[in-house]
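Architecture and fold: a report
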Amino acid sequence: EQLIQEGLAKLVIPRMDEYRRPDGSIEPAWMPVFYNPQAIVSRDVTVSVLRTLYGSRNIFFVDPLAGTGIRSIRIALEKGGEGIVNDIDPHALYYIRKNLQLNNLHPGKLHVYSQEANILLNNLTFTGISFDYIDLDPYGSPVPFVDSVFKPLGKRALIGVTATDTAPLTCSHYRKTLRRYWFTCVHTDFEKEMGARLLIAYIVKRASALDIAARPLLTFIYKHYYRVFFETLRSTGEAYRLINECLGYIWYCSSTLERGYIKSLDEARDLTCINNEKPVLTGETWICSLGEAEFIDKVFNEADKISWLHKDSKRILGLLRYETRLNNPYVRIDKLCSIIGRNMPKYEILIEALKQHGIIASRTHFDPRGLKIDSDVKALTEVLKSI
Ligand code: SAM
C-alpha cells in the first residue's frame, strides 16, 4: 500500500507501481480498488463547482460509485457537507473505511454503504431527504445509472456525470452509439464536441422523462473522460421547454466543413453547401450552450483561490470561460486549411484577423487544432484566404 495526498485529502491506495502499462502510465482498472490520478481534474472541478454553487451552505450529497472514497473525502474537507459514500465492491469498502479514518471524517459526516448503486439511489428516494448533489462516476458509460440518479434529488439540485466511453461518444463505434445513445453518427471534424452534445442530449431526455429539467452548467473532456455538471429542477414545464428549445440536428458538409444547427428536419430541405453538395444531417442532439458562461466565470474565480488544484484544472476552466460563450461547434483549422490549400496561420494571427472582421474566436479545450467562432465557416474561409 502507499500513502498519497490529493487536494486536502490523504489517501491510502494499493501500490500504483504494480499496475503500470508498458508505456509507464497507470491502469486503474487493474488495481484492487479504482484510483485514477488523471481524475484529479474531475475532482478539482467538482469541488470548485460545489463551492461556487453552494458557498458555505451545508449540503447533502451522494457518491454512489465511490471507489477509494476520494471524491467524498475531498468534498467533505474542501467544501463541507454530509454525504453517503457507497461502493458495491468489498475491496473498495476496505479502502473507504480506512481513508475516512485517516482524514478524521467520522461516521456522522460521511455514511458508508455497500449497495448496488441503482438500489441505493432508489431506496434513498424514500428517505424524505432532499439531496443537493449526486456524483455519477462509473466505469465506462453512465447510462446504467442515469434514471436512478434523478429520483432522490431535491426540487433544485446538481448532478455531476462522468462518461469514459469516449469511443462510442466520439462515433468510433457507429452501432454502439446508436444502441446506447440513440444517436446516428456522422464523421465530423468536431467529434469531441459532438460526444459532449450527444451525452448531454441523452441525459436531458432521460431527466425530462422523469419530470426533471436538467440544464448543463459546465462540460469538459480531459484525457479519456467527459464530465458534465447539470443543474436539475423538478418542473414539467421547464423540462418541456428545454427539450423543445435545445434538442435538434446538426447539418454538415464534409467537403467544406460548413455546419449549423436546425430544430427540425424540415429546415434541412433548403440547405446546400457552398460546392452545391447536400449537407448530411446528424441528431437528435443538444444544440444549446454546453454551459452557463457566467457560472463558469465564477467557478474559474473560485478555483483560482484554491491553491492546491492541479494546473490542468485551472487551464481548462480558463478556456471554458471563453469557448462556452460560442455555441457553434469548433472548426479544425488544419483541416480547413488543407481543403482550401493554404498554410496554417498562427492561431494568434488568425484570431486577430477574425477580430478585424468582427468575428469573435476562441481556442477550445476539446482540440488544440480547433477554433470556435461566432460566425460561419464561409466567413472563416474568407478570412483564412485573406491572411
Ligand atoms: N468515484 C471514484 C473516484 O473519484 O476515484 C472512482 C469510481 S470507479 C470509476 C467506479 C466504482 O464503482 C468502482 O469502485 C466499482 O466497484 C463501483 N461500482 C461499479 N458498479 C457498481 C454498482 N452497480 N453499484 C455500486 N458500485 C459499483
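Relevant structure appears above.
Residues numbered from 1 in each chain as written. Predicted model: local features only at pLDDT ≥ 70, side-chain atom pairs only at ≥ 80, totals over all residues. Heavy atoms only, no water.

1. Structural notes on the pattern of salt bridges
- Enumeration according to the criterion identifies 30 salt bridges in this entry.
- Arg 71 is the partner of Asp 137 in a salt bridge, and the nearest nitrogen-oxygen pair spans 3.3 Å. A residue pair is termed long-range when its members are at least 10 positions apart, and Asp 137 in the loop between strand 6 (131-136) and helix 5 (143-150) and Arg 71 in helix 2 (residues 70-78) qualify at 66 residues.
- The residue Arg 369 makes a salt bridge to Asp 367 at a minimum N-O spacing of 3.0 Å.
- The class of Asp 367 is buried, set by a relative accessible area of 1%.
- Overlapping salt bridges, with partners in common, bring together Glu 6, Arg 43, Asp 44, Arg 74 and Glu 78 in one network. (Salt bridge = Lys/Arg side-chain N within 4 Å of Asp/Glu carboxyl O. Helix = DSSP H or I, 4+ residues; strand = E, 2+ residues; numbered from the N terminus. Buried < 20%, exposed > 50% of the residue type's maximum accessible area, 1.4 Å probe, protein only.)

2. What about the state of the cysteines?
- Enumeration according to the criterion identifies three disulfides in this entry.
- Put simply, Cys 171 and Cys 185 are joined by a disulfide, and their sulfur atoms are 2.0 Å apart. Between Cys 171 and Cys 185, the S-S dihedral sits near -80°, and the bridge is therefore left-handed. With Cys 171 in the loop between helix 6 (166-169) and helix 7 (174-181) and Cys 185 in the loop between helix 7 and helix 8 (191-209), this residue pair connects regions lying 14 residues apart in the sequence.
- Two residues, Cys 253 and Cys 273, share a disulfide whose sulfurs are 2.2 Å apart. Between Cys 253 and Cys 273, the S-S torsion sits near -90°, and that sign places the bridge as left-handed. Note that Cys 253 is positioned in the loop between strand 10 (247-252) and strand 11 (259-262) and Cys 273 in the loop between strand 11 and strand 12 (280-286), a separation of 20 residues in sequence.
- A residue is classified by how much of its surface remains accessible, and Cys 253, at 1% relative accessible area, is buried.
- According to the relative accessible area criterion, Cys 273 is buried, its value standing at 3%.
- Cysteine Cys 337 is unpaired, with the sulfur of Cys 253 as its nearest cysteine sulfur at 18 Å. (Disulfide = S-S within 2.5 Å.)

3. Points about unusual backbone geometry
- With an omega of 0°, the peptide bond between Gly 283 and Glu 284 qualifies as cis.
- Secondary-structure assignment places Glu 284 in strand 12.
- Here Trp 182, not a glycine, exhibits a phi torsion of approximately 55°, which is positive.
- Along the chain, Trp 182 falls in the loop between helix 7 and helix 8.
- Taking the relative accessible area as the measure of exposure, Trp 182 reaches 48% and is therefore partly exposed.
- With a phi angle near 65°, Leu 257 is a residue other than glycine that sits in the positive phi range.
- Structurally, the position occupied by Leu 257 is in the loop between strand 10 and strand 11.

4. So, the packing of aromatic side chains
- All told, the structure shown has eight aromatic pairs when counted by the stated rule.
- With 5.6 Å between their ring centres and 90° between their planes, Tyr 181 and Tyr 202 make a pair best called edge-to-face. Of this pair, Tyr 181 sits in helix 7 while Tyr 202 sits in helix 8, and the two are 21 residues apart along the sequence. An identical accessibility class is assigned to Tyr 181 and Tyr 202; each is buried.
- Site record: aromatic cluster; members linked through ring pairs are Tyr 181, Trp 182 and Tyr 202.
- The residue whose ring lies beneath Arg 321 is Phe 300, and the NZ or CZ to ring-centre distance is 3.7 Å. (Phe/Tyr/Trp six-rings, centres within 6.5 Å; stacked < 30°, edge-to-face > 60°. Lys NZ or Arg CZ within 6 Å of the ring centre and 35° of its normal.)

5. Quick word on the sheet that holds strand 10
- In space, the three strands of this open sheet follow the order 11-10-12, with antiparallel pairing throughout. One side of each edge strand has no neighbouring strand; the edge strands of this open sheet are strand 11 and strand 12. Direction aside, the axes of adjacent strands within the sheet are offset by 25° on average.
- In this structure, strand 10 lies alongside strand 12, joined through six bridges in antiparallel fashion. (Pairing = 2+ DSSP bridges. Axes fitted to C-alpha atoms, helices over the stretch in contact; angles between N-to-C directions.)

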